[in-house]
Amino acid sequence: MPNGVCVPQCFSKKNTIACLLAIARQLTNQNQVHVTTNLPCPSPSGHRSIPMARSRAPMAAFLALLAVAAGVAAAELTRVEHPAKNDGSLSLLVVGDWGRKGNYNQSRVAEQMGKIGEKLDIDFVVSTGDNFYENGLTGVHDQQFEESFTNIYTAKSLQKPWYLVLGNHDYRGDALAQLSPVLQKLDERFFCMRSFIVNAEIVDIFFIDTTPFQLKYWTHPKDSHYDWREVAPRETYIADLLKDMDKEMKKSTAKWKIAIGHHTMRSVSDHGDTKELLQLLLPVLKVNGIDFYINGHDHCLEHISSKDSPIQYFTSGGGSKAWRGVYQPNDDNLQFFYDGQGFMSLQLNQDQADFIFYDVSGNILYQWSSSKISHLQPSIYVTEK
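Residues numbered from 1 in each chain as written. Predicted model: local features only at pLDDT ≥ 70, side-chain atom pairs only at ≥ 80, totals over all residues. Heavy atoms only, no water.

A. Examining the overall build of the chain more closely. For the chain, the helix and strand inventory stands at 10 helices and 18 strands. Put simply, the chain has 385 residues, and 60% of those count as buried. For the chain, contacts bridging at least 24 residues in sequence account for 69% of all contacts bridging at least 6. As displayed, the chain offers around 16,000 Å² of accessible surface, 50% of which is attributable to carbon and sulfur atoms. (Helix = DSSP H or I, 4+ residues; strand = E, 2+ residues; numbered from the N terminus. Buried < 20%, exposed > 50% of the residue type's maximum accessible area, 1.4 Å probe, protein only. Contact = heavy atoms within 4.5 Å. Areas by Shrake-Rupley, 256 points an atom, 1.4 Å probe, with all protein chains shown as cover.)

B. Highlighting the nonpolar core. Membership of the largest hydrophobic core comes to 59 residues, with the highest contact counts inside it found for Met113, Tyr153, Trp162, Leu281, Leu285 and Tyr293. Top contributing element to this core by residue count: helix H9 (residues 234–251), with six residues. Setting aside chain neighbours within four positions, we find tyrosine 153 in contact with Trp98, Gln106, Ala110, Met113, Ser148, Leu158, Gln159, Trp162 and Arg189. Listed in part, the 34 residues of the second largest apolar core include Leu90, Val126, Tyr163 and Ala353. (Core = buried A, V, L, I, M, F, W, Y, C linked by side-chain atoms within 4.5 Å.)

C. Summary view of helix H3 (residues 106–120). Between its first and last C-alpha, H3 extends 21 Å over 15 residues, near the 21 Å set by a 1.5 Å rise per residue. Among all positions in H3, only Gln106, Val109, Ala110, Gln112, Met113, Gly114, Ile116, Gly117 and Leu120 are buried. Close packing links the buried residues of H3 with strand S4 (90–95), strand S5 (124–127), helix H4 (144–150), strand S6 (162–164), strand S15 (342–348) and strand S16 (352–359). Note on H3: the residue one or two positions beyond its end, aspartate 121, has a positive phi of about 50 degrees. (Expected span 1.5 Å × (residues − 1).)

D. Seen up close, the side chain of lysine 257. The topology assignment puts lysine 257 in strand S10 (residues 256–261). For lysine 257, which is buried and forms no salt bridge, the nearest opposite charge comes from aspartate 204, at a distance of 6.9 Å. Within polar-contact distance, the side chain of lysine 257 engages the backbone oxygen of asparagine 288 at 3.2 Å. If we ignore the near neighbours within four places in the chain, the residues touching lysine 257 are Asp204, Phe206, Met249, Ser252, Asn288, Gly289, Ile290, Asp291 and Phe292. (Lys, Arg positive; Asp, Glu negative; His and termini not counted. Salt bridge = Lys/Arg side-chain N within 4 Å of Asp/Glu carboxyl O. Polar contact = N/O pair within 3.5 Å; in protein donor to acceptor, adjacent residues only side chain to side chain.)

Right, here's the structure in full:
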């Protein structure tokens, strides 16, 4: 353990996570970001919120403990408390399907992300998965972590927390490596878990592990190997995840609710709709009033409006290799489609959500806004392109 950290006498297998959280509290002293769990804390004060320091060593140590704790109590969804700006607003970037050592215009997209990130004064970055190609990481010491992440997203504005989910290509390597605290020691920005929640006051963002939902990865993996450690059996994992998500979504009192997953829910590009998500996950999103579902997987940028609910679907999977040349029109309400590289920004306040898609040169491709009038029941959405 680091110097000056006191190991509680209560440390045992029975309450490992609670004690790890108590230790983590001693490692931090700045009220910037908090992580909470639903488990009781062994400290005399009984607080469940742990401040995360900005300095590299304490944060890395904290995240290491958090990752271990999350592995011990897999059924508990970790909640990260990320403060909004002083005026209550929030700005973030969303990018997916990127990790190619700077190739396929990954570096150019990263450069533009840095410029837009500075302009918008972003609070954090969301990755929609497929973080490392072609087959994830080989282990925690795989050089691709630095070659595709640390050495690429170097702009000052991007030195903020990155919240990431795993994609199917990440599962083709050592999936546990991306969840390992070792990576947070290498680059403190990197926060990747299977499923978790980020609360930023006006919004709850639910990060959902969608790869296990795809049955073909289990039954017809072709030449690929998927790392199902800590996931199999599939049916139990999905049932528990849906139950946990439904529980946390119902508890949410945030003005906005956003779900993040790697796989498409609705798409007119190469992969199209994901039937397992429509059958299993979508009902949970609908009943809990999720406003937006944001994903990657298809290497494009797109916006589709739901025909049977207020949910809006956004694909931001243009972080590197794109231009697949596939367009499959269907019965969905397609608002925008761009079969190329780029990324997305999202700005939120109490009353409005503003989405913008950018191309590899930083040009604005598409803008869309949604206003929510909360004092009326049910909520009323006013949308504008």
